[in-house]
Amino acid sequence: MARMKGADLITEYLVDNDIPYVFGICGHGNVGMLDSLYAARDRIKMISPRHEQVAAHMADAYFRVRHEPVATLTSCGPGSCNIVMPLACAITDSSALLAITANVPTQQFNRSPFQEINKHYQADFPNIIRPVVKRSFQPTRVDMLPLALRQAMTTMLSGRPGPVNVDVPFNVFQEEDDVEVPPKTPPLNAQRSGASPDEISTCVDMILKAKRPVIFIGHGVTLSEASRELTEFARRLQIPVISSPNGMGCLDMSDPLSLGFIGRNGAYPANEAGRHADLVIAIGARFDDRSASSWMPGYSWNFPATKLIHADVDPQELGRNYPPDIGILADARTFLRQLLAEIDKRGAKRDSKAWIAEVKGWQAEWEKFVRPNFEVHASPIRPERIVADCQKVLPDDAILACDVGVSHNWYMQFWKPKHPQNMLNSWGFSGMGFGAAGVLGAKLAAPDRPCIAVTGDGCFSMVPHVLCTAVEYNIPVVWVIWNNFGWVSIRDIQLGMFGGRELGTMFHEGPNQKPYNPDFAAWARATGVEALTVTKSQDFAGALEHAVKANKPFLIDAHVDAEVRPPSTGAWQLPPTPYKEPVFGKRYLPETEPAK
Ligand SMILES: Cc1ncc(C[n+]2csc(CCOP(=O)(O)OP(=O)(O)O)c2C)c(N)n1
Ligand SMILES: [Mg+2]
C-alpha cells in the first residue's frame with residue numbers, strides 16, 4: 001500500500017500496462033490528471049489534438065494497427081460528449097481504447113454544478129456513453145480506482161475487444177488514499193476459447209463433403225492474429241476466401257484464392273462465389289446488410305440452401321441474421337488450428353478443381369470488365385486510376401486509413417492489401433473523419449511505415465485541424481483528398497431515389513451556384529503542411545511518390561470525377577425504397593437444395 005493521489009494511481013497503472021500514449025484534450029475537469037501526466041512525461045506521452053473526436057479516432061486506429069490499447073483523456077461535459085461518435089465507430093468494429101473521462105466533484109453531485117448532466121441521475125455521463133462502450137465505470141473514491149481500472153482493462157481486452165470508459169470525478173484525481181496499483185492486465189488474446197472435438201469433427205465432415213465451399217472472414221480473424229492459419233487452411237484445401245473490409249489482407253489479396261469483398265460494392269467473383277456456394281465457413285465475420293446485399297437471397301448469399309458453419313467469439317453474432325447449421329463459440333485462430341489438426345489427423349484432401357475453375361472464370365470476367373478503366377487518363381481523374389496508382393506507388397507495408405464515402409466504396413472493391421492491419425476501415429458505423437484522423441494514430445503505432453489517409457472532401461472538412469496536430473507533434477502522414485466537390489455518395493443515393501433532385505449534397509457558391517471547395521492545398525500550407533493540387537491523372541502517381549518520400553506531413557488535393565460510380569455487383573436495400581439490380585452479374589437462386 002502506498003499513499004497516492006487518484007491521478008497518480010491511474011498514471012502508474014497506464015505505465016505498468018505499457019500504454020505509451022494518452023490522446024486527449026484539457027478542460028477544468030481533468031487538470032489533476034494532466035498534472036500527474038506532467039510528472040510522468042518521460043514514461044507516457046500526452047498528445048493533444050484539436051478535437052476530442054480526433055483523439056478517440058487516433059486511439060482506435062492505434063489499436064487496429066498494433067493490437068495494443070492506448071487511453072484517451074477528456075474533460076467533463078462537452079469534451080467527453082465529443083467522443084461518443086468515435087467510440088461508436090470503435091465498438092461497432094471491435095476496436096479497443098480506454099476512455100478516461102472527467103466528471104464534476106462528488107461533493108457537488110446533484111447540485112447542478114458547471115457541466116453536470118443530472119436530469120435523471122447525478123453526474124450522469126455513464127448513461128450518455130453507455131451504448132458505445134463495453135462497460136462504463138464511475139469510481140467515486142480513490143480506493144475504488146484499483147478495482148475499476150483492473151476491471152475496465154480486462155473487459156476491454158477479453159473476448160470481443162471494445163472500448164471501455166472510466167469516468168473520474170474531479171476530486172478523485174486529486175484526493176489521496178492508501179492504495180495499491182493493480183497487477184498488469186493480460187494482453188489481447190491472452191485467453192482463447194476453442195470448439196469441442198465433436199464440433200470440429202462435424203465441421204471437417206461438412207467441409208470435406210462440400211463441392212463449392214467458401215470461407216468468409218472478418219475483423220475477428222485479424223484481431224485473433226490468425227493470418228498464417230487462415231492462409232494454410234485455405235491453400236491446403238483450396239477454398240476461396242471472401243473478406244469483409246477489416247479482414248482484408250489476412251489472406252494476401254494477390255493470392256488467386258482471395259476473392260475480396262462481397263455485397264453491393266463487392267468484387268464480382270466474391271458475390272458469384274457467395275451465391276453459388278454450398279457451404280460457407282464464416283470466421284470472425286458478421287453478416288451485415290452491406291456485405292449480405294441486405295439479406296436478400298441470391299445476391300450475395302443463399303442461406304439456408306447453403307450450409308453455414310459460423311465461428312465467432314461473440315455469441316450475439318452467431319445466428320444474428322442467418323441461423324447457422326453449426327455455431328461455434330471460439331476464437332478464430334484456435335478454431336483454424338483445430339481444423340488443421342483434424343485434417344492432418346485424417347490425412348484429408350479435397351478435389352476442388354471444378355469449383356476453382358468456375359471461380360477463375362468469374363475472376364477473368366471481372367478483370368476484363370474493370371481493367372480498361374484502371375489505365376484511363378483523364379481530368380478530373382477517374383476513380384479507378386487513383387486506386388491503381390496507390391497500388392503501384394505504395395510499398396506493401398504501407399497502412400491505408402480509409403475514410404467514408406464513395407472513395408471507400410472504390411477501395412473496398414479494388415484495394416489489395418497483402419497483410420492484415422494494413423487497411424483500416426470504419427465499417428460498422430462509418431464515422432466521417434475516421435480516416436483523416438485515424439491516420440495520425442496509425443503512424444504513432446507504426447512509425448517506420450508509410451501511413452496514408454484517403455479521405456473525401458466532405459470527411460476532411462469535418463476534421464481539418466488534423467493538419468495542426470501533425471505539425472505540432474511531427475507526425476509525417478499523407479492525406480489524399482478525394483475531392484469531388486460534394487457529399488457525393490449521398491448525392492448519388494438522392495439522385496437515384498428521387499428522380500434527379502439534389503439538395504444539401506453538393507458544395508456550391510455564389511449566385512451561379514458554381515462548385516465550391518476551399519483550396520485544400522492552401523489550407524494545408526497555412527498550417528505548415530506541404531501540399532499539392534492534382535487535377536490530371538498523369539500527375540497523381542508522381543505526387544504520391546513525392547509525398548511519401550518527403551517523410552513529413554503532406555496533403556494531396558486530388559480532383560476526382562464525381563460522375564463515375566463504382567460498379568455494383570450485389571444489391572443494397574433501404575426499405576421501403578426499391579433496390580437496383582447489380583450492374584455487373586445477376587441474382588442467382590438455386591433451384592434445389594444442395595445434396596446433404
Ligand atoms: C459524421 C458523419 N456524418 C454524416 C455521415 C453520412 N455520410 C456518409 S458518406 C457522406 C458523404 C461523404 O462525403 P465525402 O467525404 O466528400 O465523400 P464522397 O462520398 O463525396 O466521396 C455523409 C454525409 C456519416 N457517415 N458520418
Ligand atoms: Mg466528396
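The paragraphs below set out a description of the structure included in this document. (Residues numbered from 1 in each chain as written. Chains lettered and ligands numbered in written order. Predicted model: local features only at pLDDT ≥ 70, side-chain atom pairs only at ≥ 80, totals over all residues. Heavy atoms only, no water.)

### Focus: the pairing of strand β12 (residues 279-283)
By the criterion of burial, β12 is predominantly enclosed, with five of the five residues buried. Side chains Leu279, Ile281 and Ile283 of β12 all project onto a buried face; the interleaved residues Val280 and Ala282 project onto the opposite face, where all are buried too. In the sheet, β12 pairs with strand β13 (residues 307-312) via five bridges, with the strands oriented parallel. What sits directly across from isoleucine 283, in β13, is alanine 311. (Buried < 20%, exposed > 50% of the residue type's maximum accessible area, 1.4 Å probe, protein only. Helix = DSSP H or I, 4+ residues; strand = E, 2+ residues; numbered from the N terminus. Pairing = 2+ DSSP bridges.)

### A look at the pairing of strand β18 (residues 478-483)
Within β18, six of the six residues are buried, leaving the element largely enclosed by the surrounding structure. Burial of β18 is two-sided: the residues Val478, Val480 and Trp482 facing one way and the residues Trp479, Ile481 and Asn483 facing the other way are all buried. Where strand β17 (residues 451-456) and β18 come together, five bridges link them in parallel fashion. Note on β18: the bridge partner recorded for threonine 455 is isoleucine 481. The pairing of β18 with strand β22 (residues 554-559) spans six bridges and is parallel. Paired with tryptophan 482 across the bridge in β22 is alanine 558.

### Some details on the sheet that holds strand β5 (residues 98-103)
Strand order in the open sheet formed by six strands is β3-β2-β4-β5-β7-β6, with parallel pairing between adjacent strands. Looking at strand neighbours, the two that pair on one side only are β3 (45-47) and β6 (136-137), the edges of this open sheet. Bridge count for strand β2 (residues 21-24) against strand β4 (residues 71-74) is three bridges, and the pairing is parallel. Along β4, the bridge assignment pairs valine 22 with alanine 71. Against the sheet, helix α3 (residues 52-66) makes contact with β2, β3 and β4, and its axis sits at roughly 150° relative to β2, the strand it touches most. (Contact = heavy atoms within 4.5 Å. Axes fitted to C-alpha atoms, helices over the stretch in contact; angles between N-to-C directions.)

### Concerning the coordination of the magnesium ion (ligand 2)
Taken together, Asp457 (OD), Asn484 (OD1) and Gly486 (O) make up the protein donors of the magnesium ion (ligand 2), found 2.0 to 2.1 Å from the metal. Between consecutive donor residues of the magnesium ion (ligand 2), the sequence gaps follow D-x26-N-x1-G. Pair noted here: aspartate 457 is in helix α18 (residues 457-462) and asparagine 484 is in the loop between β18 and α20 (488-497), with a separation of 27 residues, a long-range link. Relative accessible area serves as the criterion here: at 6%, asparagine 484 is assigned to the buried category. (Donors = N, O, S within 2.8 Å, 3.2 Å for Na, K, Ca; no water.)

Spatial relationships are all this shows, so hold off on functional conclusions.
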